[in-house]
Amino acid sequence: MEQDSENNDMSTKFSTLNVNAQEFVPSFCSPPSSTTTPAAPAAAAAAAAAATTAAAPAAPTSATSSGGSGSGGSGGAGGGGATTPTSTAATPTPPSSSAPTPMEKGDDDAVKTPENNESEPLDSWDAEEDSILTPEDEEMDLDDAEVDGDAAPKVSKKKPPKVEESRSKKEHVNVVFIGHVDAGKSTIGGQIMSLTGMVDKRTLEKYEREAREKSRESWYLSWALDTNQEERDKGKTVEVGRAYFETEKKHFTILDAPGHKSFVPNMIGGAAQADLAVLVISARKGEFETGFDRGGQTREHAMLAKTAGVKHLVVLVNKMDDPTVNWDVERYNECKDKILPYLKKLGFNPLKDLTFMPVSGITGQGLRERIDESTCPWYQGPAFIPFIDELPSLNRKTDGPFIMPIVDKYKDMGTVLMGKVESGVAKKGINLLVMPNRTQVCVDQLWSDDEEVTSVGPGENVKIKVKGIEEEDVSPGFVLCDASNPIKTGKIFDAQVVILEHKSIICAGYSAVMHIHCAAEEITVKALICLVDKKSGDKSKTRPRFVKQDQVAIMRIECSGLICLEQFKLFPQMGRFTLRDENKTIAIGKVLKVVE
C-alpha cells in the first residue's frame with residue numbers, strides 16, 4: 001500500500017505540472033535497484049492502463065502483461081506481485097488524466113475567496129458610492145469574474161511549506177513620510193534610524209562633518225535617507241528613500257517620499273506601497289501656510305495617500321523647537337485646526353484614522369521618548385514610535401495568489417526586482433510570471449529589507465532575484481505574480497472617476513496620465529457612460545457630453561499600452577488609480593470592469 005500511495009503521490013505531482021512522468025524522469029519507470037523494483041510494474045501498469053481503458057474486461061490481464069514487459073528485464077519481480085499492481089493500476093490513472101478537474105474547481109474557489117474577502121473597510125469615498133454599480137453592471141461583472149475563473153482555473157497550489165528556515169517573523173508595516181518640501185520628512189526619518197540604532201554613531205558623525213563643510217549642518221540626519229549626491233547638494237529628496245527599523249513587535253519600512261511638486265509621480269509610487277502615512281507639517285511661521293495653502297503640496301500629498309488606500313494618517317507637527325514657535329500650544333492648535341477640515345473632507349475619521357503629534361525632527365523630541373513636561377506641559381499623548389507600534393494589526397491576504405507590483409529593478413549577477421508583496425507567499429526556487437509580458441521566471445534569491453530569507457509574505461518590502469528575464473525587459477509597473485493564476489491585464493476598462501480639480505470640462509478624447517499601483521500610463525477617455533449622483537448614487541439615464549469639477553462619472557478609458565489591473569471590488573490595491581494632468585492631480589477613480 002505504501003508503494004501505491006507513493007506512486008499516486010508522484011503521478012499527482014507530475015500531473016499538476018502537466019508533464020508525463022516517464023518522459024520527465026526516465027528512472028520513474030526503470031528501477032535502478034532491487035528496492036525500487038516493485039514500483040516499476042505499478043508505474044508501467046498505470047501508463048498501460050490509460051492505453052487500455054477502452055477494453056474494460058481485458059484490462060487486468062493486458063495491464064499485467066504489459067507491466068511485465070514494460071519493466072524491461074525485471075519481469076520476474078513484476079510477475080510475483082502481478083495482482084497487486086493490476087488492482088492499483090486503476091488508482092494512479094485518474095490523477096494523471098482527471099486530476100486537473102477537481103483542482104480546477106478547488107482553485108477557482110481559492111481565487112474567489114481571498115479576493116472577495118472584503119472584511120477590511122474600503123476607503124470612505126468608496127464605501128459611500130458602492131451602490132454606484134447598477135444591477136446590470138453587477139451581473140455583468142459577476143459573469144466576467146466567472147468566465148475568467150473558468151478560463152484560468154488556477155491558483156497557488158497550497159502545498160505544505162517545506163522550507164521555513166528563514167522568514168521574517170514580525171509583522172511588516174510600510175510607513176510613507178509625505179508633506180511639503182522642507183517640512184522635515186528626511187530629517188525625521190534619519191532621526192528615527194539614529195534613535196533605533198539602524199545608523200551607527202560613526203556614520204552620523206561622518207555625515208555631520210561633511211554637512212558642516214557644505215554649511216548645511218542641519219541636513220546631516222536626512223543624509224541617512226537621501227543617499228545620492230544631487231539630493232544631498234540640493235537638500236531635496238527626488239527618489240523615494242528606503243530604510244527600515246524594528247521594534248519589539250513590528251518591522252517598519254520607511255519610505256521617504258519627495259515633497260517637491262516636480263517629483264509627485266515618484267511620491268505616488270511610494271504611497272502605493274504604504275500601509276501607514278505620516279504627514280509632516282512645519283510649525284515654523286510662514287512654512288505651514290506655504291505648504292497648506294493653494295500651490296503647496298500638503299493637500300495633494302494627503303489626498304494621494306488616501307487614494308493609495310492608506311487607512312491611518314499620523315500628522316507630525318514638526319519644528320516645534322523653532323525659535324518662532326518654541327513649543328507654543330496656540331501655534332500647534334492653529335496648524336491642527338486649519339488642516340483638520342480638509343483631512344475630514346478626504347474621508348479620514350478624526351476619531352479612528354487620524355492622530356496629531358508635536359515633534360522636533362532635529363532634536364528627536366517626541367519621536368521615541370515622550371516630550372519632557374518642562375518643555376511641553378500641554379501634550380500628554382504618546383511618542384511617535386511607541387504609538388505606531390501599538391496600532392492594530394493589518395488584514396493581510398496570505399492565502400491568495402502571489403502578487404507583487406514591481407517598483408524598481410537593477411542588475412546584480414541576475415535581475416533583481418523590488419516591490420511590496422500585496423498578496424500570497426513566494427519561496428526560493430518557485431516559478432513566477434512577469435506580467436504583462438507573460439515571461440516565466442524562477443526565484444533565485446529573496447531579501448526582505450536587506451535580510452536574505454527563503455520565503456516572503458504579504459506586506460513585506462522585498463528584493464527578488466530572478467532567472468529567465470533581462471533587466472531591460474522589465475519596467476516599473478509590471479507585476480510579478482503566480483504562474484498558475486496570473487493577474488488580469490487590459491487596455492480598455494470601465495471606471496468610476498471623481499473629478500477633483502480641473503478648470504475646463506472633460507469629454508471623450510481627453511488624455512491624461514494614469515497612476516495605478518506602481519505603473520504610470522498615458523490614457524484617453526474613450527466614452528462617457530453616465531453621471532453618478534454623489535448623494536444618492538443614482539445614474540443619469542442619458543450619456544453626458546462632458547464632465548466637470550466635483551462631478552462623478554463612469555467612463556470607458558483606453559490605455560496606450562497593456563497594463564496589469566484588477567476590479568476594485570476584487571482586489572482594491574490593483575484597482576484604484578489617480579489621473580494627473582499638467583503637474584496636478586485632477587481625478588481619482590476605481591476600476592469597475594476590465595473590458596479587453
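Only a predicted model underlies this, so the values are computations on that prediction, with no experimental measurement involved.

1. Digging into the overall build of the protein chain
Helix and strand counts for the protein chain come out as 18 helices and 21 strands. Here the protein chain holds 596 residues, and the buried ones make up 51% of them. For the protein chain, the computed accessible surface area is about 27200 Å², with 52% contributed by carbon and sulfur atoms.

2. Examining helix α11 (residues 185-195)
In an α-helix there are 3.6 residues to a turn, and that puts residues three or four apart on one side. Of all eleven residues that make up α11, nine are buried, and the element is covered over most of its length. Every buried residue of α11 is listed here: Lys-185, Ser-186, Thr-187, Ile-188, Gly-189, Gly-190, Gln-191, Ile-192 and Met-193. Those residues of α11 hidden inside the fold are in contact with β1 (171-178), β2 (241-246), β3 (250-256), β4 (276-282), β5 (312-318) and α18 (384-389). Just downstream of α11, Gly-197 is the residue with a positive phi angle, here 80°.

3. Points about the pairing of strand β16 (residues 489-499)
Where burial is concerned, most of β16 is hidden: nine out of the eleven residues are buried. Bridge count between β16 and strand β19 (residues 552-564): nine bridges; the pairing is antiparallel. When the sheet's bridge partners are listed, Asp-494 is paired in β19 with Arg-556. Where β16 and strand β21 (residues 584-594) come together, seven bridges link them in antiparallel fashion. Opposite Asp-494, over in β21, you have Lys-593 as the bridge partner.

4. Things to note about the nonpolar core
Leu-343 and Phe-384 are the most contacted members of the largest nonpolar core, which totals 75 residues. Considering each element in turn, this core owes the most residues, seven residues, to helix α17 (residues 329-346). The contact partners of Leu-343, leaving out residues within four places of it in the chain, are Leu-279, Ala-302, Leu-313, Val-315, Phe-348, Leu-354 and Phe-356. Counting residues in hydrophobic clusters, the runner-up holds 26 residues, among them Ala-495, Val-497, Met-555 and Leu-565.

5. What about the packing of aromatic side chains?
Taken as a whole and judged by the stated rule, the model has six aromatic pairs. Each ring, one from Phe-288 and one from Phe-292, has its centre 5.7 Å from the other, and the planes form 10°; the classification is stacked. Here Phe-292 and Phe-288 lie together in helix α15 (residues 287-292), a separation of four residues that amounts to about one turn. Classification of Phe-292 by relative accessible area gives buried; the value is 5%. Both rings, one in Phe-493 and one in Phe-577, keep their centres 5.9 Å apart while their planes meet at 75°; by these two values the pair is edge-to-face. Of this pair, Phe-493 sits in strand β16 while Phe-577 sits in strand β20 (residues 576-581), placing them 84 residues apart in sequence. Comparing Phe-493 with Phe-577 shows no difference in burial state: the two are buried.

6. Let's talk about the sheet that holds β16
Strand pairing in a sheet relies on backbone hydrogen bonds. The paired strands run either parallel or antiparallel. With antiparallel pairing, six strands are arranged side by side around a closed barrel as β16-β19-β18-β17-β20-β21. The mean angle between the axes of side-by-side strands here comes to 45°, regardless of whether they run parallel or antiparallel. Across the sheet, helix α14 (residues 264-271) is in contact with β17 (511-516) and β20; its angle to β20 comes to roughly 175°.

7. A few points about the pattern of salt bridges
Applying the stated criterion to the full structure yields 18 salt bridges. Linking Asp-275 and Lys-420 is a salt bridge whose minimum nitrogen-to-oxygen distance equals 2.9 Å. Taken together, the residues Asp-275 in the loop between α14 and β4 and Lys-420 in strand β8 (residues 415-420) connect sequence positions 145 residues apart. Both residues of the pair, Asp-275 and Lys-420, count as buried. Asp-444 is paired through a salt bridge with Lys-467; the nearest N and O atoms lie 3.9 Å apart. Separated by 23 residues along the polypeptide, Asp-444 in strand β11 (residues 439-448) and Lys-467 in strand β14 (residues 461-467) bring together distant segments of the chain. Overall, the relative accessible area of 26% leaves Asp-444 in the partly exposed class. When salt bridges that share partners are traced, they join Arg-284, Glu-287, Lys-319 and Asp-322 into one network.

8. Looking at helix α12 (residues 201-213)
Given a rise of 1.5 Å per residue, 13 residues ought to cover 18 Å, and the 19 Å separating the end C-alpha atoms of α12 matches this to within 8%. Burial in α12 covers these residues: Leu-204, Tyr-207 and Ala-211. The arc that holds every buried residue of α12, seen down its axis, measures 60°, which confines them to one face. Pointing more than 90 degrees away from the buried face of α12 are the exposed residues Arg-202 and Glu-213. One or two positions beyond α12, positive phi appears at Ser-215, with a value near 55°.

9. Regarding the pairing of β2
Pairing analysis gives six bridges linking β2 to β3, with the strands arranged antiparallel. When the bridges of β3 are listed, Arg-242 appears paired with Leu-255. Counted between consecutive antiparallel strands, the loop separating β2 from β3 contains three residues.

10. Thoughts on the sheet that holds β3
Taking strand neighbours across the sheet as the criterion, the six strands line up as β2-β3-β1-β4-β5-β6 in an open arrangement whose pairing is mixed. Strand pairing shows two members of the sheet lacking a second neighbour, β2 and β6 (354-358), which therefore form its edges. Each strand of the sheet is rotated relative to its neighbour by a mean of 25°, with strand direction disregarded. Judged from the five bridges that link them, β5 and β6 form a sheet pairing that is parallel. Of the residues in β6, the one forming a bridge with Val-315 is Phe-356. Lying over the sheet, α11 contacts β1, β2, β3, β4 and β5, oriented at roughly 150° with respect to β3. Sheet strands in contact with helix α16 (residues 298-307) are β1 and β4, and its direction is about 170° off that of β4.

11. Brief notes about the packing of α16 against α17
At a minimum axis distance of 10 Å, the contact between α16 and α17 shows a crossing angle of 30°. In terms of axis orientation, α16 runs roughly parallel to α17. In the packing of α16 onto α17, the handedness of the crossing is right-handed. For the pair formed by α16 and α17, the contact residues are Thr-298, Arg-299, Ala-302, Met-303 and Lys-306 on the first element and Ile-339, Tyr-342, Leu-343 and Leu-346 on the second. Here the residues of the contact of α16 with α17 sort into six nonpolar, one polar and two charged.

What counts and what doesn't
Residues numbered from 1 in each chain as written. Predicted model: local features only at pLDDT ≥ 70, side-chain atom pairs only at ≥ 80, totals over all residues. Heavy atoms only, no water. Helix = DSSP H or I, 4+ residues; strand = E, 2+ residues; numbered from the N terminus. Buried < 20%, exposed > 50% of the residue type's maximum accessible area, 1.4 Å probe, protein only. Areas by Shrake-Rupley, 256 points an atom, 1.4 Å probe, with all protein chains shown as cover. Contact = heavy atoms within 4.5 Å. Pairing = 2+ DSSP bridges. Core = buried A, V, L, I, M, F, W, Y, C linked by side-chain atoms within 4.5 Å. Phe/Tyr/Trp six-rings, centres within 6.5 Å; stacked < 30°, edge-to-face > 60°. Axes fitted to C-alpha atoms, helices over the stretch in contact; angles between N-to-C directions. Salt bridge = Lys/Arg side-chain N within 4 Å of Asp/Glu carboxyl O. Expected span 1.5 Å × (residues − 1). Arc of directions from axis to C-beta. Parallel < 35°, antiparallel > 145°, perpendicular 65-115°, else oblique. Left-handed = near helix turned anticlockwise from the far one by under 90°. Nonpolar A, V, L, I, M, F, W, Y, C, P; charged D, E, K, R; others polar.

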